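Overview (structure and organization)
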Amino acid sequence: MTTADTVRILPLAEFKPFSSSRAWVSIPNPNGLPLIATATSDKTVRVYSLKNFMLHSTLEGGHSRSVRSVAWKPTVKHNGVLCIATGSFDATMGIWRRREDIAEEIDAQKETHNEGTKNEDEVEVEITSAGQSRPHRQLHDEDADEDEDSEDWEFAIVLEGHDSEIKNVAYSPSGQWLASCSRDKSIWVWEEIGDEGDDEFETIAVLQEHTADVKCVCWRKDDGNGEILASGSYDDTIRFWKGDDEGEWSSIATLEGHEGTVWSLDWEPEVSQKMFAPEQSLEDYSPQIPRLISCSADMTVRVWTRVPTPPPPNKPSYFNTGIPSTMRPPPAEETWKCTAILPRAHDLPIYAVNWSKKSGRVASAAGDGKIVIYKERAKGRTTVGGEIEREWVILAVLEGAHGPYEINHVAWCTRYDKGKKEDDEEMVITTGDDGVVRAWAIEPLAGEEVVTGMNGISIS
């Protein structure tokens, strides 16, 4: 086992009250709100505050069996409505909405300067790509003296179509698509149509090429060629799916190599891409294709990389530089290969893997109750001027994170609590069979070496 023990995984908090039955997943809000949603076997979703680790609100009454998966819509409408999709063992998917008060907008610069003295009730401000401040929603306190009815989540619509248990739901990064996968071996892609608030969804595609349960779905953001959906299955394979200009969806790649059920997938974040990216001139610039990471019942974590696809016979090659790029259609099929298997640390099936958008580190969790933190580092060049080789090492392993219980999910998450030491400090959230959601601090050991990688990205 290749190790580089440079961090510690320390208990930070338990989210309370916890569920009396199994908790499946905990998903942080992707829009910068200090909220995390947990799907549980008691047919509810618990939304917790990341500021005080206490219950914020509950989604209940929409499902007749365990809620297996939950997904936040990645764009918050300006009318202050939060949106969550749930997937249940009752074979239905629910769309839930909740209105949050919007406090008045304040100067982002003032907010930044006063960060050190801000109290818990102040409004957090998000800076948009245009440089303008956008107010975050003011979160209600559980003990606030206000109308409880105004705080309820509305079960807006139920989406039906699957014949068996739904295992995972996921919104695309743009919020345009919503995907669900099931024990019935199918993946459904949905689109919200009509005006805002109409609660109308249309089935865009039903994908049925997996030969067994589909356990997970994960979207890749649009790199200029549309958003890509990845899926992992009990048939031990990973598939990629994409819609064409006519709206027809099909499989564009099949990744084989795992020798057990593929339980979880995640796409490489930009911070990781930049760590080892070669410098490109403006003339040579082309968007990087992120790698995919997967974990499986075969107790391995694997990294997959796209490689050039041989051109079909008698057709122009996408890689033929003699043809203008605007006239070169991309290949219909993509070719991917496993380029790394992370050092083995788990003794039972690995149920979850997550790639940090801040540090580029990877966290995994499994049926053996372990949390494992990995990092990728430069290994060196085998030839002068050649490509820099990389290797994965283990930073830390924590055993018995949920006592004797299995860990079903792990996620990196920004810290919002008073104990944080940096504005963008992150933590790890685990969700277990004991019904408990736990937060873990990741702290460097004394004397940890921090080096600077290519493009100025810090690698610790």
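**A few points about the overall build of the protein chain**
From N to C terminus, the protein chain includes 2 helices and 32 strands. Out of the 460 residues in the protein chain, the part that is buried amounts to 53%. Just so you have it, the protein chain exposes about 21700 Å², and 46% of that area is on carbon and sulfur atoms.

**Comments concerning the environment of Trp412**
If you trace the backbone, Trp412 turns up in strand E28 (residues 407–414). Separated by 385 residues in the primary sequence, Trp412 and Ile27 place their C-alpha atoms 9.4 Å from one another. Those residues in contact with Trp412, other than ones at most four positions away along the chain, are Pro28, Asn354, Trp355, Ser356, Arg361, Val362, Ala363, Ile373, Glu426, Met427, Val428 and Ile442.

**Focus: the confidence of the model for the protein chain**
For the protein chain, mean pLDDT is 83; residues scoring 70 or higher make up 75% of the total. Throughout residues 140–150 the model reports pLDDT below 50, and contacts reaching past four residues in sequence, or to other chains, amount to 14 contacts. Ignoring residues within four places in sequence, the model shows residues 448–460, a span with pLDDT below 50, making 34 contacts including any to other chains.

**A short note on the sheet that holds E28**
Strand order across the open sheet formed by 4 strands is E1-E30-E29-E28, with antiparallel pairing between neighbours. With partners counted over all chains shown, the strands left at the sheet margins are strand E1 (7–14) and E28, one partner each. When the angles between neighbouring strand axes are averaged without regard to direction, this sheet yields 30 degrees. Of the pairings in the sheet, the one linking E28 to strand E29 (residues 426–432) comprises 7 bridges and is antiparallel in character. Looking at E29, one finds that Trp412 is bridged to Val428.

**What about the packing of aromatic side chains?**
Tallying each qualifying case throughout the model produces 13 aromatic pairs. Both rings, one in Trp263 and one in Tyr351, keep their centres 5.1 Å apart while their planes meet at 85 degrees; by these two values the pair is edge-to-face. Pair noted here: Trp263 is in strand E20 (residues 262–267) and Tyr351 is in strand E24 (residues 350–355), with a separation of 88 residues, a long-range link. Under the relative-accessibility criterion, Tyr351 is labelled buried at 16%.

**Considerations on the state of the cysteines**
Applying the stated rule across the entire model yields 0 disulfides. No disulfide involves Cys181; its sulfur sits 6.5 Å from that of Cys216, the nearest cysteine.

**Regarding the sheet that holds strand E11 (residues 154–159)**
A sheet is described by the order of its strands in space; here 4 strands give the open sequence E6-E7-E8-E11, paired in antiparallel fashion. The sheet is open, and its two edges are formed by strand E6 (67–72) and E11, each paired on a single side. Adjacent strand axes in the sheet meet at a mean angle of 25 degrees, parallel and antiparallel pairs treated alike. In terms of strand pairing, strand E7 (residues 81–88) meets strand E8 (residues 93–99) through 7 bridges, oriented antiparallel. By the bridge assignment for E8, Val81 is matched with Arg99.

**Some points on a negative patch on the surface**
On the surface, a cluster of negative charge is made up of Asp244, Asp245, Glu246 and Glu248. With respect to the element layout, Asp244 can be found in the loop between strand E18 (238–243) and strand E19 (249–255).

**Quick word on the side chain of Asp90**
On the secondary structure map, Asp90 appears in the loop between E7 and E8. We note that Asp90 is buried and unpaired, the nearest opposite charge coming from Arg65 at a distance of 7.5 Å. Excluding residues within four positions of it along the chain, Asp90 makes contact with His63, Ser64 and Arg65.

**So, the environment of Leu255**
Turning to its location among the elements, Leu255 is positioned in strand E19. With 15 residues separating them in the primary sequence, Leu255 and Phe240 have C-alpha atoms 8.4 Å apart. Excluding anything up to four places from it in sequence, Leu255 contacts Thr237, Ile238, Phe240, Leu292, Trp304 and Trp336.

**Quick word on the pairing of strand E14 (residues 187–193)**
In terms of burial, E14 is a largely internal element, 5 of the 7 residues being buried. Pairing analysis gives 5 bridges linking strand E13 (residues 177–182) to E14, with the strands arranged antiparallel. Paired with Ser180 across the two strands is Trp188, which belongs to E14. Where E13 folds back on E14, the antiparallel hairpin that results is connected by 4 residues, among which Lys185 adopts a positive phi of roughly 75 degrees. Of the strand pairs in this sheet, E14 and strand E15 (residues 200–207) are connected by 7 bridges, and their pairing is antiparallel.

**So, the pairing of strand E30 (residues 437–444)**
Of all 8 residues in E30, 6 are buried, a share of seventy percent or more. Sheet analysis places E1 next to E30, joined by 7 bridges and oriented antiparallel. Counterpart to Ala13 in the pairing with E30 is Ala439. Here E29 runs beside E30; their pairing, made up of 5 bridges, is antiparallel. Across the sheet, residue Thr431 finds its bridge partner in E30, namely Val437. The antiparallel hairpin formed by E29 and E30 contains 4 residues in its connecting segment, where Gly435 sits at a positive phi of about 85 degrees.

**Let's talk about the pattern of salt bridges**
With the rule as written, the count across this model stands at 24 salt bridges. Notably, a salt bridge pairs Arg291 with Glu268, separated by 2.8 Å at the nearest N-O pair. With Arg291 in the loop between helix H2 (270–275) and strand E21 (292–296) and Glu268 in the loop between E20 and H2, this residue pair connects regions lying 23 residues apart in the sequence. A salt bridge links Lys421 to Glu443; its shortest N-O distance comes to 3.7 Å. In this pair, Lys421 sits in the loop between E28 and E29 while Glu443 sits in strand E30, placing the two residues 22 residues apart along the sequence. A single network of salt bridges, built from pairs that share partners, joins Arg220, Asp223, Arg306 and Glu334.

**Structural notes on unusual backbone geometry**
In this chain, Lys16 is followed by Pro17 through a cis amide linkage whose omega measures -5 degrees. Here Pro17 lies in the loop between E1 and strand E2 (23–28). Residues other than glycine seldom take positive phi values, yet Ala91 does so here, at roughly 75 degrees. Backbone geometry places Asp236, a non-glycine residue, at a positive phi of 75 degrees. Within the secondary structure layout, Asp236 lies in the loop between strand E17 (228–233) and E18. Residue classification places Asp236 among the partly exposed residues on the basis of a relative accessible area of 25%.

Reading the values: the criteria
Residues numbered from 1 in each chain as written. Predicted model: local features only at pLDDT ≥ 70, side-chain atom pairs only at ≥ 80, totals over all residues. Heavy atoms only, no water. Helix = DSSP H or I, 4+ residues; strand = E, 2+ residues; numbered from the N terminus. Buried < 20%, exposed > 50% of the residue type's maximum accessible area, 1.4 Å probe, protein only. Areas by Shrake-Rupley, 256 points an atom, 1.4 Å probe, with all protein chains shown as cover. Contact = heavy atoms within 4.5 Å. pLDDT = per-residue confidence, 0-100. Pairing = 2+ DSSP bridges. Axes fitted to C-alpha atoms, helices over the stretch in contact; angles between N-to-C directions. Phe/Tyr/Trp six-rings, centres within 6.5 Å; stacked < 30°, edge-to-face > 60°. Disulfide = S-S within 2.5 Å. Patch = residues over 30% accessible without salt bridge, like charges linked within 9 Å, V, L, I, M, F, W, Y side chains within 5 Å. Salt bridge = Lys/Arg side-chain N within 4 Å of Asp/Glu carboxyl O. Lys, Arg positive; Asp, Glu negative; His and termini not counted. Charge placed at Lys NZ, Arg CZ, Asp CG, Glu CD.

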